[in-house]
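Observations on chain architecture
Residues per chain, in single letters:
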Amino acid sequence: MFNPMIWTMLKTALLETLYMVGVSTVFAVVLGLPLGILLVITSEGHIKPNKWFNTILGWIVNVGRSVPFIILMVAIINFTRWLVGTSIGTTAAIVPLTISAIPFFARVTEQSLREVDKGIIEAAQAMGATTMQIIIKVLLPEAFSSLVLAMTITAVNLIGYSAMAGAIGGGGLGDLAIRYGYQRFRGDIMLITVIVLVILVQGVQTIGNFIARRLSHK
Amino acid sequence: MEVVFLIQFENVTKVYKGENEVVALSDVDLTIKDGEIFGIIGLSGAGKSTLVRCINLLETPDKGRVSVNGVDMLSLTSRRLREERKKIGMIFQHFNLLSSRTVEDNIAFPLELSKVPKKVRKEKVAELLELVGLTDKARAYPSQLSGGQKQRVGIARALANDQEILLCDEATSALDPQTTRSILDLLKKINKERGITIVIITHEMNVIKEICDKVAVIEDGRIIESGVVEEVLLNPTTDTAKTFLKGVIKTEVPPEVAARLKLSNGGELIQITFLGGETGEPIINEMVSKFDVLVNILYGNIDQVQDITFGMLVLKLTGPEQKLAKLS
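Keep in mind the model is a prediction, meaning the values are calculated, not measured.

1. Here's the deal with the overall build of chain B
When its secondary structure is counted, chain B shows 12 helices and 13 strands. Pairs at least 24 apart in sequence give 66% of the contacts found in chain B among residues at least 6 apart.

Below is the structure:
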């Protein structure tokens, strides 16, 4: 039952998952962070309040969060093809993964930044800080530990979503579980794949928690 | 010689619009001189926090004029406002330190904002740490400090750019009495040694009594009483001021004592209140020697407001009728 071929498939699938989730998380953070920052600073009572901008941006983010991942994957096939040259495979899967994660990460970032004590922001204003200085020297550092946890949650979400990447030939552990474990009735493969996924998620969460705790000086 | 008003408010009004319109400040006129320690006292919601925030425009008045160091604050562009803010230091009730930075980096924060080079920053920070007595805590994080220590960091930070004005928003309200004392001592020292003008917002008359030169009482957005501290403390004209003073300076005989005193027969009861240089002693001696009456001190309360003594004594005078009449 546990012949070498299974282990090879497993290893490949694991690497594919890590690749998809890793790259998607990085892009989601890079693109979602500014969105989250904008959501916070334009909110009422913050440093650059702007009701219309804030409301519209909020709507866009909400729309992004509403589209089910599997539909998103299929809906943006043309865009994916334009961006990476193909609409199938692991690299192609990164596109919908990233796009679905951006609004999510933006919201969690917004949450983290909102928790920064308003008094500290007021002190920075009293010291003559510019908006940029407040964002870079106050908001981000004060929320850093919280942001690391936000990235961790996003990564774990993406591990789950990556399973559906199999629908566009994306590979990965989820794909393995579906194709062999489910469609070919190989319960043992399904079981092993799930176990590996559990370990992966536990690992990511634990590392995330550890880093967040180390970064927090509270 | 022209007196320079460092901070001046003219007809300042601020209204918060919302479900209910709240008038935070109403026609406030205020002048604070260079080098003064000026206290503003009032109950919660009286408008004192709003008032102090109108000095560096963390709150913007709807009407009136605010000038600091001759600059009309309301006429400034955003950039100029930021520059002026760098000249005004502020400390807060809850300290507002950056938890992600060490003590020395917190103090260096305003210097970073002003793009001061690293070497100069280090020197400045070391000097400030010494001023507030926290040199050994340079590398500590705020979470490791006590309230008093955090406020000291706040003070050091507020003076990092050689500010000449320091705003204190309920700076000691979250500290125990002893720590409050030490922070007030530090503020007094800074004022004496560096001539820094200090504006203190508080709801504790004790704080005013300890270090302020002048005080203004604010109620419902209006300044109802203001003047030199000794005078306001000794002769409060408004009920609000009197209420604040109740626990602080006793210039009235408590009712229970007064009742008891009335019962003692013979002689005459007089009450003297005195302020400043005149202490009670010579007066009593004078009474004894000049008028040949016996003086008995039945009740007294003597207090000190900074360097000035004042208080009140209830005396019973006994002696021959004519002599007592002569005294009156």
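2. A word on the pairing of strand E10 (residues 222-228) of chain B
Taken residue by residue, a regular strand's side chains alternate between the two faces of the sheet. Residue and element names in this part refer to chain B. Where strand E9 (residues 214-219) meets E10, 6 bridges bridge the pair, whose relative direction is antiparallel. Paired with Lys-214 across the strands is Val-228, a residue of E10. Taken together, E9 and the strand that follows it, E10, pair antiparallel across an intervening segment of 2 residues, in which Asp-220 is found at a positive phi of about 50 degrees.

3. Comments concerning the domain arrangement of chain B
Residues and elements named next belong to chain B. On domain assignment, one finds that chain B holds domain 1 (5-245) and domain 2 (255-327). For domain 1 versus domain 2, the separation of C-alpha centres amounts to 42 Å. Listed as interface residues are 6 residues of domain 1 and, on the opposing side, 5 residues of domain 2. Listed by contribution, the elements that provide at least two residues to the side of domain 1 that touches domain 2 are helix H7 (205-211) and helix H8 (229-234).

4. Section: the interface of chain A and chain B
Each partner contributes to the interface: chain A provides 17 residues, whereas chain B provides 18 residues. Listing elements by their share of the side of chain A that touches chain B, those giving two or more residues are helix H6 (118-126) and helix H7 (131-162) of chain A. Ranked by residue count, the leading element in the side of chain A that touches chain B is H6(A), at 6 residues.

Cut-offs applied
Residues numbered from 1 in each chain as written. Chains lettered and ligands numbered in written order. Predicted model: local features only at pLDDT ≥ 70, side-chain atom pairs only at ≥ 80, totals over all residues. Helix = DSSP H or I, 4+ residues; strand = E, 2+ residues; numbered from the N terminus. Contact = placed C-beta atoms within 7 Å. Pairing = 2+ DSSP bridges. Domains from an automatic or database assignment.

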